[in-house]
Amino acid sequence: MKVNMNINVHHIARTEGHGNIHIKVKDGKLVESQWEVVETPRFFEVMLKGMSYEMAHLLTARICGICSIGHALASLRATENAFGIDLPETAKKLRLLAKHGETLQSHFLHLFFLAAPDFFNVGSVIPLVSSNRDIVEIALRLKKCANDMCDILAGRTTHPTSFCVGGMSKAPKKKDLEKIKTALSDRIFDAQKTVALFKTLTMPEFERQTEFVSLKGEKSYPWIGGSLISTDGIIKDETDYLAMTNEYIVDFSTSKFAKLSRESIAVGALARINNNYEFLNPPAKQIAQEFNLKPVNHNPYMNHIARLVECVHTINESIQMIDELLDMSLDTICAQYTVKSGQGISAVEVPRGILYHHYVINDSGKIEKANCIIPTTQNHANIHHDMAELVKQEVKKGKTDTQITKLAEMLVRSYDPCISCSVH
Amino acid sequence: MEYLGIKIEKPKVAFFDFTCCEGCQLQITNKEDTLIDLLSLVEIVNFREISSDKNNDYDIAFIEGAISRQDQIDRIKKIRKNAKLLISLGTCACSGGVNSLINTHDTKDAVTEVYGKHKIDTLPVKSAKEIVKIDFEIPGCPINKKEFENIVVHLITGADFSFKKYPVCVECKQNLNHCLLDENKICLGPITRAGCNAPCPGGKLPCYGCRGPAEEHNWPALKQTLIEYGFTLEQIQEKTSFFNMLTEVTSNES
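Criteria and cut-off values
- Residues numbered from 1 in each chain as written.
- Chains lettered and ligands numbered in written order.
- Predicted model: local features only at pLDDT ≥ 70, side-chain atom pairs only at ≥ 80, totals over all residues.
- Helix = DSSP H or I, 4+ residues; strand = E, 2+ residues; numbered from the N terminus.
- Rg over C-alpha atoms; globule rule 2.2 N^0.38 Å.
- Buried ≥ 20, exposed ≤ 12 C-beta atoms within 10 Å, placed from the backbone.
- Contact = placed C-beta atoms within 7 Å.
- Nonpolar A, V, L, I, M, F, W, Y, C, P; charged D, E, K, R; others polar.
- Domains from an automatic or database assignment.
- Pairing = 2+ DSSP bridges.
- Axes fitted to C-alpha atoms, helices over the stretch in contact; angles between N-to-C directions.
- Core = buried A, V, L, I, M, F, W, Y, C linked by C-beta atoms within 7 Å.
- Expected span 1.5 Å × (residues − 1).
- Parallel < 35°, antiparallel > 145°, perpendicular 65-115°, else oblique.
- Left-handed = near helix turned anticlockwise from the far one by under 90°.

## Thoughts on the overall build of chain A
Argument step 1. From N to C terminus, chain A includes 14 helices and 12 strands.
Argument step 2. At 21 Å, chain A has a C-alpha radius of gyration in line with the 22 Å of a compact globule built from 424 residues.
Argument step 3. When each of the 424 residues of chain A is scored for burial, the buried share is 57%.
Argument step 4. Partitioning the intrachain contacts of chain A with sequence separation of at least 6 by distance along the chain shows that 72% fall at a separation of at least 24.

## Description of the interface of chain B and chain A
Argument step 1. On the side of chain A, 45 residues touch chain B, which itself brings 45 residues to the contact.
Argument step 2. The dominant element in the side of chain B that touches chain A, judged by the number of residues it contributes, is helix H2 (residues 32-41) of chain B, at 5 residues.
Argument step 3. In terms of residue class, the side of chain B that touches chain A is built from 20 nonpolar, 15 polar and 10 charged.

## Section: the domain arrangement of chain B
Residue and element names in this part refer to chain B.
Argument step 1. Domain parsing of chain B yields domain 1 (2-157) and domain 2 (168-248).
Argument step 2. For domain 1 and domain 2, the distance between their C-alpha centres works out to 26 Å.
Argument step 3. Contacts between the two partners involve 12 residues from domain 1, matched on the other side by 9 residues from domain 2.
Argument step 4. Grouping the amino acids of the side of domain 1 that touches domain 2 by side-chain chemistry returns 4 nonpolar, 7 polar and 1 charged.

## Looking at the environment of B:Lys12
All names here are of chain B.
Argument step 1. Relative to the helices and strands, lysine 12 is located in strand S3 (residues 12-17).
Argument step 2. Remark: the alpha-carbon pair of lysine 12 and isoleucine 44, spanning 32 residues in sequence, is separated by 5.9 Å.
Argument step 3. Leave out the neighbours within four places in its chain, and lysine 12 touches Glu43, Val45, Asp57, Tyr58 and Asp59.

## A short note on the environment of B:Pro167
Residue and element names in this part refer to chain B.
Argument step 1. Position of proline 167 relative to the elements: it lies in the loop between helix H6 (145-157) and helix H7 (168-174).
Argument step 2. Residue classification places proline 167 among the buried residues on the basis of 26 C-beta atoms within 10 Å.
Argument step 3. Contact partners of proline 167, with chain neighbours within four places excluded, come to Gly189, Pro190, Ile191, Thr192, Arg193, Ala194, Ala214 and His217.

## Topic: the sheet that holds strand S4 (residues 43-47) of chain B
Residues and elements named next belong to chain B.
Argument step 1. Taken together, 5 strands build an open sheet; the order of strands is S4-S3-S5-S6-S7 and the sheet is parallel. Every interior strand has two partners, whereas the edge strands, S4 and strand S7 (136-138), have only one. On average, each strand axis in the sheet is tilted by 20° relative to the strand beside it, whichever way the strands run.
Argument step 2. Relative to S4, S3 is paired through 4 bridges, and the arrangement is parallel. The partner of alanine 14 across the bridge, within S4, is asparagine 46.

## Focus: the nonpolar core
Argument step 1. Residues A:Phe108, A:Val213, A:Val309, B:Ala61 and B:Ile63 are the most contacted members of the largest nonpolar core, which totals 197 residues.
Argument step 2. Here this core gets 13 residues from one element, more than from any other, and that element is helix H4 (residues 89-119) of chain A.
Argument step 3. Each of domain 1 (2-157) and domain 2 (168-248) of chain B gives at least three residues to this core.

## Quick word on helix H3 (residues 68-83) of chain A
All names here are of chain A.
Argument step 1. Across its 16 residues, H3 extends 23 Å between first and last C-alpha, which sits within 8% of the 22 Å expected from 1.5 Å per residue.
Argument step 2. When you tally the buried positions in H3, you get 15 out of 16 residues, the bulk of the element.
Argument step 3. Within two residues after H3, glycine 84 carries a phi angle of roughly 70°, on the positive side.

## Comments concerning the packing of helix H6 (residues 133-154) of chain A against helix H7 (residues 174-199) of chain A
All names here are of chain A.
Argument step 1. Interhelical geometry of H6 versus H7 gives an angle of 150° and a closest axis separation of 9 Å. By the criterion of interaxial angle, the relationship of H6 to H7 is roughly antiparallel. Here H6 runs over H7; the crossing is left-handed. Facing H6, whose interface residues are Ile135, Ile138, Arg141, Leu142, Cys145, Asp148, Met149 and Ile152, H7 presents Asp176, Ile180, Ala183, Leu184, Arg187, Asp190, Ala191, Lys193, Thr194 and Leu197.
Argument step 2. Residues of the contact of H6 with H7, tallied by class, amount to 11 nonpolar, 1 polar and 6 charged.

## Focus: unusual backbone geometry
Argument step 1. Here the residue pair A:Pro295 and A:Val296 is connected by a cis peptide bond, since its omega of -5° sits within 30 degrees of zero.
Argument step 2. Within the secondary structure layout, A:Val296 lies in the loop between helix H10 (282-290) and helix H11 (303-326).
Argument step 3. Unlike most non-glycine residues, A:Asp416 shows phi in positive territory, near 45°.
Argument step 4. If you trace the backbone, A:Asp416 turns up in the loop between helix H13 (401-414) and helix H14 (419-423).
Argument step 5. Positive phi values are uncommon outside glycine, yet B:Lys31 reaches one of about 50°.
Argument step 6. Summarising the element assignment, B:Lys31 is placed in the loop between helix H1 (23-29) and H2.

## As for the pairing of strand S10 (residues 342-350) of chain A
Residue and element names in this part refer to chain A.
Argument step 1. Of all the 9 residues making up S10, 7 are buried; the element is thus mostly covered by neighbouring parts of the structure.
Argument step 2. Relative to strand S11 (residues 353-361), S10 runs antiparallel, the two being bridged by 9 bridges. Pairing of glycine 342 across the sheet is with isoleucine 361, part of S11.
Argument step 3. In textbook terms, the turn of a hairpin is the stretch between consecutive antiparallel strands, and for S10 and S11 this stretch comprises 2 residues.

## Details of the environment of A:Glu80
All names here are of chain A.
Argument step 1. As for its placement among the helices and strands, glutamate 80 is situated in helix H3.
Argument step 2. Under the C-beta neighbour-count criterion, glutamate 80 is labelled buried, with 21 such atoms within 10 Å.
Argument step 3. A sequence separation of 263 residues divides glutamate 80 from glutamine 343, and the C-alpha atoms of the two residues are 9.4 Å apart.
Argument step 4. When near neighbours in sequence (up to four residues on either side) are disregarded, glutamate 80 contacts Ile85, Leu87, Val165, Gly166 and Gly344.

Laid out in structure tokens, this is it:
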């Protein structure tokens, strides 16, 4: 039987932003496979030109509604590096804790609202409210805990209000930190139930040899700043980010594409674990082992499991960090600084992968040049090439166009792309 | 569905996104305590960010984002035809939001700066109401979920909704925050519409007016105060133009 397919998914659902899937198979041979990014560009780098340095993190937080805390932190750190500001320990911890809140919020939103419906064969989480109420309630409790954490640490989850150049503009009350600690400890049970749930779901079997890029852990699992590493053995300083991303333009995408040693790279939870497995805390490592997730794992669908492992890691790390903060004085949360000309580069691991902000600032504190390289921008080429390989493998297995459409959509979702972010 | 013995129709609701960060739609999935109740009030037929179920038969359409490309103009016109009520959700839809900042730059230069010689379709940023008739606007960057729920309940029960007439400054004082003007920062809380419960000044971040002007405000007095505090017109304008929500009030002055 001759297999012919013509798959077109316009504005794929359950992703942030707008992208299309085009697949053509003729006589059993792949003719075309394209991950087309059609999001409108917003030109953030151009908007930043001439803007006062203290407005940059407010503007760039608006690059993304889901990871605005991560953007704000990468932006602030770029400015702080330009001015040579050393943050107080308190501010470093409070910021990382806020980012952990965002990681949990983003990962749980993705696992339950965006990814899980595929495994239950429903269009969204809404029908699950009546069919699987217990699961939805777990999801809501976990998501609420993460959002409450962001509210207390960052002022709010989307477009934070408690950060400023030099540190934090407002410290949380210690009794609120204690509340988060209790809430997180209470949610460990729900996280365990989530692990049990994901054990009942089968991740599609698919592999394509991939180069994974992330921050490199030195003594702990890396989140903010440090060296860059790829699973192909490349290590660079974060200031050398351009050589780690090599952005280029393709005519079917308003987002740029990126590469390193191969035709594409992958960033995100799976990349972080592939490069930093040894730094996962014991409960998280235990979960990784239960799912047989060990480096280097080349199955993009395992990103879901990697997110789950990171959730467990992050909950445990947050509880430990709150204990440390409770023992510290929170009187000094912001460093004094002088505005001066210079440039600053910052790499931060946000939910979808490594994020870079780079600013050149003049002596009156105005931004002269800016560059932001977004995790999803770095993943687009990998999604594009994975999709072609996936179709080839699945056509050989005799899968129908409906089955392949679903697998292709699930492939895109496994990267949890933030498409408007990637185009920015 | 019945409420107090009165039968209430469940409206069919759709959400669509244009040029934005999609953070306003995200707020709808937040405030988890009331999410299931909110979902029980309406029938969601189109919400691409969280659902692959699609249906173009809807009563109320919420649109998030600004308009910045020809295909978006065509798309929003189609949505207008299908919807009985078309509602702008968030500052980007209401005024173009921070996206409007690009309008002070030449479009061609912007494309060249980011994409080099590659051709990219784009238009100067517009708000939704500059393209089609909008029945109601919910401002905020991002929207306030509690206010959103309140508006939805008013829509469903047919009651009139009115925004708070007083400025953010009132809510900020009620929260016992220290005044940021007194800390020598430009804060637009005195002229911006309340209803957000002042989360920005609550975090010591000044208000830059994402919700637009309050019905009762005194911009000339605030401007005079800021000038007396030593701020330049350029510094003031950078803040008032950030969300493009206060242009009507502040433009003919500066």
